[in-house]
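Geometric and topological summary
Here is what each chain is made of, one letter per residue.
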Amino acid sequence: IALHEVRNPLSALQGYLQLLKKELDEVRQLEYVEIMLGALDRVNTLITNYLRLAKPGTPERRPCDMDELVSDLISLYEVELKNRGISFLFSCDSGLPQVSLDRDQFYQVMVNILKNAVEVTSQNGEIHVGVKYLKEKEMAVFFVRDTGPGVSEDILTRIFDPFFTTRDKGTGLGLYVCREMVKNHGGGLSVANNPDQGCTVTITIPCESRGRSL
Ligand SMILES: Nc1ncnc2c1ncn2[C@@H]1O[C@H](COP(=O)(O)OP(=O)(O)OP(=O)(O)O)[C@@H](O)[C@H]1O
Ligand SMILES: [Mg+2]
């Protein structure tokens, strides 16, 4: 099944419930409609994640400037991080060549990883997002380093399992889908605890010249 086949009837339900909500003035009935709308919202998220899990899609790769992609990401999250009292650090190696990426997929990967970092970072914490270039290996590295609690050794091997989550509202699909997408790019994704505090998620992607032959 395709995403739109499920989404269309869901949005019809949502639309008509919203209309109904406008026409109702009995408090209890309104409350019921609110609950239905909330449940629909949840179903929507779950379905999106499940379908993405079933079919991450073949990447449509084009040469991209990774620093540009990261700048976009940062401009989107800068304000939220500031509001949460989290310092944001960005670093980028010079001389990074273009990397052959599916822009949408890779962006989604970066968002997922940054969101995880934001979820575990408390006020006065710091998130460092960076891009490095390993010239001798012709690899681009994208990393997100946080000052959260890190990942305890006993779950470190399980965090990539589909549906593994330690969060109340988590689907546990974030890292799994990210890893699949990165693998489809011929790259790798790993998580390691920092020596001091928090952890670092690292993605390595072969650069343009090597990426093409994959
Ligand atoms: N930066 C991080 N620091 C500490 N633990 C993390 C971090 N990122 C992920 N984890 C752990 O890995 C688990 C799985 O992460 P994943 O992104 O796959 O799912 P989730 O964040 O729980 O749910 P979802 O991404 O669907 O909202 C998390 O529940 C958390 O326990
Ligand atoms: Mg997540």
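For the structure, see preceding data.
The structure contained in this document is the topic of the report that follows.

Quick look at the layout of surface pockets
One number sums up the size of the largest pocket: a volume of about 1000 Å³. The wall of the largest pocket is formed by 38 residues, among which N112, N116, E119, R167 and G174 lie closest to the centre. For the lining of the largest pocket, the elements supplying multiple residues, two or more each, are α2 (27-54), α4 (103-120), α6 (174-184) and β7 (199-206). By residue class, the composition of the lining of the largest pocket is 17 nonpolar, 14 polar and 7 charged. Structurally, the lining of the largest pocket is a two-domain feature, drawing no fewer than three residues from each of domain 1 (3-54) and domain 2 (62-212).

Quick notes on the packing of helix α3 (residues 66-83) against α4
Remark: α3 packs on α4, axes separated minimally by 11 Å, with the N-to-C direction vectors making an angle of 35°. In this structure, α3 crosses over α4, and the sense of that crossing is right-handed. The residues of α4 that touch α3, namely those facing M66, E68, L69, V70, D72, L73, L76, Y77, E80 and L81, are R103, F106, Y107, M110, V111, L114, K115 and V118. The residue makeup of the contact of α3 with α4, split by class, is 13 nonpolar, no polar and 5 charged.

Some points on the site of ligand 1
Lining the immediate environment of ligand 1, one finds 17 residues, of which T165, T166, R167, T171 and L175 sit closest. Separating an oxygen atom of ligand 1 from a side-chain N or O atom of R167 is a distance of 2.5 Å. Look at ligand 1: alone it shows 590 Å² of surface, and the protein chains cover 90% of it. Judged by the proximity of its atoms to the pocket grid, ligand 1 belongs to the largest pocket. Among the secondary structure elements, those contributing two or more residues to the shell around ligand 1 are α4 and α6. Broken down by class, the residue content of the shell around ligand 1 amounts to 7 nonpolar, 8 polar and 2 charged.

Considerations on the nonpolar core
Membership of the largest hydrophobic core comes to 45 residues, with the highest contact counts inside it found for M66, F106, I127, F142 and I203. Among the secondary structure elements, those contributing two or more residues to this core are α3, β3 (99-101), α4, β4 (126-134), β5 (139-145), α6, β6 (188-193) and β7. In terms of residues, this core owes the most to one element, α4, which gives 8 residues. Not counting the four nearest positions on each side in its chain, M66 is found in contact with L96, V99, L101, F106, V131, A140, V141 and F142.

Comments concerning the pairing of β5
The buried count for β5 comes to 6 of 7 residues, which makes it a mostly enclosed element. Relative to β5, β4 runs antiparallel, the two sharing 7 bridges. Bridge pairing in β5 links H128 to R145. Following β4, the chain reverses through 4 residues before pairing antiparallel with β5; E138 in that reversal takes a positive phi of roughly 55°. Inspection of the sheet shows β5 paired to β7 by 7 bridges, in the antiparallel sense. Each residue of the ladder has a partner; that of A140, found in β7, is I205.

Details of the sheet that holds β7
Taken together, 5 strands build an open sheet; the order of strands is β2-β4-β5-β7-β6 and the sheet is mixed. In the strand order of this sheet, the two ends are held by β2 (87-92) and β6, each with one partner. Between one strand and the next, the sheet's axes are offset by a mean angle of 15°, whatever the strand orientation. Contacting β2, β4 and β5, α3 runs over the sheet at an angle of about 175° to β2.

What counts as what
- Residues numbered from 1 in each chain as written.
- Chains lettered and ligands numbered in written order.
- Predicted model: local features only at pLDDT ≥ 70, side-chain atom pairs only at ≥ 80, totals over all residues.
- Heavy atoms only, no water.
- 1 Å grid on protein atoms, 1.4 Å probe; cavity = no way out; pocket = protein on both sides within 12 Å on 5 of 7 lines; lining within 4 Å.
- Points joined across faces, edges and corners; volume = space filled by probe spheres on them.
- Helix = DSSP H or I, 4+ residues; strand = E, 2+ residues; numbered from the N terminus.
- Nonpolar A, V, L, I, M, F, W, Y, C, P; charged D, E, K, R; others polar.
- Domains from an automatic or database assignment.
- Axes fitted to C-alpha atoms, helices over the stretch in contact; angles between N-to-C directions.
- Left-handed = near helix turned anticlockwise from the far one by under 90°.
- Contact = heavy atoms within 4.5 Å.
- Near = heavy atom within 4 Å.
- Polar contact = N/O pair within 3.5 Å; in protein donor to acceptor, adjacent residues only side chain to side chain.
- Areas by Shrake-Rupley, 256 points an atom, 1.4 Å probe, with all protein chains shown as cover.
- Sits in = over half its atoms within 2 Å of the grid points.
- Core = buried A, V, L, I, M, F, W, Y, C linked by side-chain atoms within 4.5 Å.
- Buried < 20%, exposed > 50% of the residue type's maximum accessible area, 1.4 Å probe, protein only.
- Pairing = 2+ DSSP bridges.

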